[in-house]
Amino acid sequence: MAALRDGDFAALQILLKAPSKDAVRQLCQECFSSPPAALGPLAQRAGPGLAVSAEEAEQLVSALHNLTRHVVYRGLSRAEDILCLFPENFHQNLKNLLTKIILDNISAWRNEAQASQISLPRLVDMDWRVDIKTSSDSIVRMAVPTCLLQLKIQEDAALCGNNPVVSALTMELSKETLDTMLEGLGRIRDQLSAVANK
Amino acid sequence: ATEKIRLIPQDFFAELCEQIIQHMNRKIPGINTVDLCQRIQTSGVDINIGDLAKIANTLSFLFSTAARNNLSTEELVTTLGSGVSMLPKHAVQVIRHVWNEQGKAIAVSEDARDMATVGQFVDMKWKLGVAMSSDSCRSLKYPYVTVTLTVADPSGQITDKSFEMTVPQFKNFFRQFKEMASVLETV
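Rules used throughout
- Residues numbered from 1 in each chain as written.
- Chains lettered and ligands numbered in written order.
- Predicted model: local features only at pLDDT ≥ 70, side-chain atom pairs only at ≥ 80, totals over all residues.
- Heavy atoms only, no water.
- Domains from an automatic or database assignment.
- UniProt positions renumbered as here; feature names shortened; annotations may be inferred.
- Helix = DSSP H or I, 4+ residues; strand = E, 2+ residues; numbered from the N terminus.
- Buried < 20%, exposed > 50% of the residue type's maximum accessible area, 1.4 Å probe, protein only.
- Phe/Tyr/Trp six-rings, centres within 6.5 Å; stacked < 30°, edge-to-face > 60°.
- Lys NZ or Arg CZ within 6 Å of the ring centre and 35° of its normal.
- Contact = heavy atoms within 4.5 Å.
- Buried area = accessible area lost by both parts, 1.4 Å probe.
- Salt bridge = Lys/Arg side-chain N within 4 Å of Asp/Glu carboxyl O.
- Polar contact = N/O pair within 3.5 Å; in protein donor to acceptor, adjacent residues only side chain to side chain.
- Nonpolar A, V, L, I, M, F, W, Y, C, P; charged D, E, K, R; others polar.
- Pairing = 2+ DSSP bridges.
- Axes fitted to C-alpha atoms, helices over the stretch in contact; angles between N-to-C directions.
- Parallel < 35°, antiparallel > 145°, perpendicular 65-115°, else oblique.
- Core = buried A, V, L, I, M, F, W, Y, C linked by side-chain atoms within 4.5 Å.

Turning our attention to the domain arrangement of chain A. Annotation of chain A at the domain level lists domain 1 (6-116) and domain 2 (122-197). The distance between the C-alpha centroids of domain 1 of chain A and domain 2 of chain A comes to 43 Å.

Our next topic: the UniProt feature "domain: COMM" (unreviewed entry) in chain B. Listed under "domain: COMM" (unreviewed entry) in the UniProt record, and renumbered for this structure, are residues 120-187 of chain B. Between the end C-alpha atoms of residues 120-187 of chain B the distance is 21 Å, and the span holds 29% helix and 47% strand.

Non-glycine residue A:Ala51 carries a positive phi angle of around 55°. Structurally, the position occupied by A:Ala51 is in the loop between α3 (39-50) and α4 (54-74). Residue classification places A:Ala51 among the exposed residues on the basis of a relative accessible area of 62%. Of note, the phi angle at B:Asn70 is positive, near 55°, even though the residue is not glycine. Checked against the element boundaries, B:Asn70 lands in the loop between α3 (49-68) and α4 (73-83).

One pass over the structure, following the stated rule, counts nine aromatic pairs over all chains. With a centroid separation of 4.8 Å and 20° between ring planes, the pair formed by A:Phe32 and A:Trp109 is classed as stacked. Here the residue A:Phe32 occupies a position in helix α2 (residues 21-33), and A:Trp109 occupies one in helix α6 (residues 92-115), the gap between them amounting to 77 residues. As far as burial versus exposure is concerned, A:Phe32 and A:Trp109 are alike and both buried. Every member of this aromatic cluster is reached through a ring pair, and the members are A:Phe9, A:Phe86 and A:Phe90. Lying across the ring of A:Phe32, A:Arg69 places its NZ or CZ 5.3 Å from the centre. When the ring centre of B:Phe174 is taken as reference, the NZ or CZ atom of B:Lys178 above it lies at 4.3 Å.

So, on to the interface of chain B and chain A. With 44 residues of chain B at the contact, the number on the chain A side is 53 residues. Between chain B and chain A, a total of about 4800 Å² is buried, with carbon and sulfur atoms accounting for 73% of that surface. At the junction of chain B with chain A, the criterion picks out two salt bridges. Between B:Lys161 and A:Glu155 there is a salt bridge, and its shortest N-O distance comes to 3.7 Å. Counting across the chain B and chain A interface gives 13 residue pairs in polar contact (both at pLDDT 80 or more). For the side of chain B that touches chain A, the secondary structure elements donating two or more residues are β1 (119-131), β2 (142-152), β3 (158-166) and α6 (167-186) of chain B. Top contributing element to the side of chain B that touches chain A by residue count: α6(B), with 14 residues. In terms of residue class, the side of chain B that touches chain A is built from 26 nonpolar, nine polar and nine charged.

Judged from the two bridges that link them, strand β3 (residues 166-173) of chain A and β1(B) form a sheet pairing that is parallel. Within β1(B), the residue paired with A:Met171 across the bridge is B:Gly119.

In this section: the packing of α2(A) against α4(A). Residues and elements named next belong to chain A. Here α2 crosses α4 at 75°, and the two axes come no closer than 8 Å. By the angle class used here, α2 and α4 are roughly perpendicular. The residues of α4 that touch α2, namely those facing Leu27, Cys28, Cys31, Phe32 and Ser33, are Leu60, Val61, Leu64, His65, Thr68, Arg69 and Val72.

Let us look at the pairing of β3(B). All names here are of chain B. Direction of pairing for β2 relative to β3: antiparallel, over a ladder of nine bridges. Along β3, the bridge assignment pairs Val151 with Thr159. The hairpin turn running from β2 into β3, its antiparallel successor, is five residues long, and Gly156 in that turn takes a positive phi close to 95°.

Our next topic: the nonpolar core. In globular proteins that are soluble, nonpolar side chains generally tend to be buried together. Counting 43 residues, the largest nonpolar core has A:Leu12, A:Leu15 and A:Leu98 as the members making the most contacts within it. In this structure, A:Leu12 is in contact with A:Leu60, A:Ala63, A:Leu64, A:Leu67, A:Phe86, A:Phe90, A:Leu94 and A:Leu98, ignoring residues within four places of it in sequence. B:Ile5, B:Ile31, B:Cys37 and B:Ala91 belong to the second largest nonpolar core, which has 34 residues in total.

Residue and element names in this part refer to chain B. Entries for chain B in the domain assignment read domain 1 (2-107) and domain 2 (120-185). Every contact between the two is made by eleven residues of domain 1 and, on the other side, six residues of domain 2. Buried surface at the junction of domain 1 and domain 2, summed over both partners, amounts to about 630 Å²; 51% is from carbon and sulfur atoms. The largest share of the area that domain 1 buries against domain 2 comes from Pro29, Ile31 and Asn57, three residues that together contribute 48% of it. For the pair domain 1 and domain 2, the number of links is zero salt bridges. On the surface where domain 1 and domain 2 come into contact, there are five residue pairs in polar contact (both at pLDDT 80 or more). When residues of the side of domain 1 that touches domain 2 are traced back to their parent elements, those giving at least two are α2 (33-42) and α3. Looking at which element gives the most residues to the side of domain 1 that touches domain 2, the answer is α3, with four residues.

Take a look at the structure:
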């Protein structure tokens, strides 16, 4: 969890050397999305474009990461709240630019934070098919409808880094077991409506 | 893995055989190897779930072959003696006892469920939660549905699989199941 530090705002003024507003915007997005461990390499890539030393690039990238993550953590959504984070003597135009960039990205960033928080494995896909069993080695004639379901489940993204593991769970459901499932799901739906109405 | 059979204490081995026979008789939906393995480990025996699963499979195969060939208890014990020479005496005793008590009753059932080539759905447990806060967002209020599916794999062994869904995902999930049910009706 990033907290804003004293040196951060001084480091942010290095952005005044950026070639364009788009370059600033791009850097903000990369600094937010990057996990703390990947900030070093990001600074190495960004440094040359800004014509600053490696050390300054690192300070800048770290400060931008802290600022953007702090805003998302606090859930700030109004310009006034973001503007008043900056100290009095901060460069006015840069302050306005950064605030605008943050406001433009805030809801996408919030979604990104929610999607990458720790969780149980997530359901990513579901496929199903209805078959009829017509015969087998023990039963010559039958007409038993049966459902085949395959769920694709992705393990916790935070644990797998960039190579999430997706496992497939295949199962068969009869009419009875499908009804059991539907009953359970119906109860979840009822609870969701009850919670939504509160 | 069959060498590991000698590590399993007699009462746990008996419980495993009981569950296998009861599963074959459709009295229980599956064999709870995970739970059994944990209890065996707690008692101080060093065995892992993979080994226990292999042992359960071997025993299932043994019992189902014996059922199909209508073996008497003596015939079964003789087969054990000649084939698997490393079975410890207490294991043979348990198998003899379990087969004597329940072996003959194994239904050569005319049931479509015998054709298990994929896992069989056993049960679903669920939880509706709201994530209030996290290290990345102080105020989240993010609702999610957690589901645990209990599935018996083709060998009868039971495993649980848990996962999360967002609310829109859950609504889609529900809709798909309703569709499956209506297709199942009309087919």
